[in-house]
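Spelled out, the chains give:
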Amino acid sequence: MELRSVEELMDLLYACRGERPGQEYGGEGPAGPDLHGHALRTAALLRRRRPADKELQVAGLVSPVGRLPWPGNPAVRTADAVRPLLGARVARLLRRHARAEAWAHDDDVVSLRQADEEARTAVFDAGVLEDWRSVLEMTAARNARLGAVD
């Protein structure tokens, strides 16, 4: 699957409402945290820690998309789906985030991993998905401009 618009991505993120990963994920309820709320909390934590790094925040926000029922590795699915829309850096962060050996030496991936872990148990109002639309649109527009140059 390849996402071609922010609207398609927003639809997938909304589809994560009420979806829960397997038991191994930990956190809320019997089958782990709600993916939608987890994504919002992860992005909000990254926004607090790294306010200027919009691509890192977006990586935290979109990470649960690959956990929707598609075949294959969730991190690879997400990275492949968002790369054309959000760019190579967001895709790279998502791929490395899933591989424990790859993130130990990358500060951005360490930040993403820490926010992801904290968001599993953190309890705070992380806002709503619509709050992120402009950040997603800005990231997509920036990627489109860079893609035209490449």
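Everything that follows concerns the structure shown earlier in this document.
Residues numbered from 1 in each chain as written. Predicted model: local features only at pLDDT ≥ 70, side-chain atom pairs only at ≥ 80, totals over all residues. Heavy atoms only, no water.

Engineer: It is not clear to me how the packing of helix α2 (residues 35-49) against helix α3 (residues 54-62) should be interpreted in this structure. Could you clarify?
Structural biologist: Helix packing for two helices is described by the angle between their axes and how far apart those axes are. Two numbers describe how α2 lies on α3: the axes approach to 7 Å, and their chain directions differ by 165 degrees. Considered as vectors, α2 and α3 are oriented roughly antiparallel to each other. Helix-helix and strand crossings are classified by hand; for α2 and α3 the assignment is right-handed. Contacts from A39, L40, T42, A43, L46 and R47 of α2 reach α3 at L56, Q57, G60 and L61. Of the residues belonging to the contact of α2 with α3, the class tally is six nonpolar, three polar and one charged. (Axes fitted to C-alpha atoms, helices over the stretch in contact; angles between N-to-C directions. Helix = DSSP H or I, 4+ residues; strand = E, 2+ residues; numbered from the N terminus. Parallel < 35°, antiparallel > 145°, perpendicular 65-115°, else oblique. Left-handed = near helix turned anticlockwise from the far one by under 90°. Contact = heavy atoms within 4.5 Å. Nonpolar A, V, L, I, M, F, W, Y, C, P; charged D, E, K, R; others polar.)

Engineer: What should I look at first to understand the packing of helix α5 (residues 88-98) against helix α7 (residues 107-119) in this one?
Structural biologist: Running from amino to carboxyl end, α5 crosses α7 at an angle of 65 degrees, the nearest separation of the two axes being 9 Å. Two packed elements cross with a definite hand, and for α5 against α7 that hand is right-handed. Counted together, R89, R92, L93, R96, H97 and A98 of α5 and D108, V109, L112, R113 and D116 of α7 form the full contact between these two elements. Among the residues making up the contact of α5 with α7, the classes are represented as four nonpolar, one polar and six charged.

Engineer: I tried to follow α3 on my own but got confused; where do I start?
Structural biologist: Helical periodicity: at 3.6 residues per turn, an α-helix aligns residues three or four positions apart in one direction. Of all nine residues that make up α3, eight are buried, and the element is covered over most of its length. Along α3, the residues classified as buried are E55, L56, Q57, V58, A59, G60, L61 and V62. (Buried < 20%, exposed > 50% of the residue type's maximum accessible area, 1.4 Å probe, protein only.)

Engineer: So what exactly am I meant to see when it comes to the pattern of salt bridges here?
Structural biologist: Using the criterion set out here, one finds 14 salt bridges in the structure. The salt bridge involving D53 is made with R50; its shortest N-O contact spans 3.3 Å. Note on D53: relative accessible area 13%, which makes it buried. Salt bridges linked by common partners bring R50, D53, E55, R89, D108 and R142 together as one network. (Salt bridge = Lys/Arg side-chain N within 4 Å of Asp/Glu carboxyl O.)

Engineer: So what exactly am I meant to see when it comes to α7 here?
Structural biologist: Taking 1.5 Å per residue as the helical rise, α7 with its 13 residues ought to reach 18 Å, and the 18 Å between its terminal C-alpha atoms agrees with that figure. Residues of α7 that are buried: D108, V109, V110, S111, L112, R113, A115, D116 and A119. The residue sitting at the N-terminus of α7 and contributing the capping side-chain oxygen is D106; that oxygen lies 3.0 Å from the backbone nitrogen of D108. (Expected span 1.5 Å × (residues − 1). Polar contact = N/O pair within 3.5 Å; in protein donor to acceptor, adjacent residues only side chain to side chain.)

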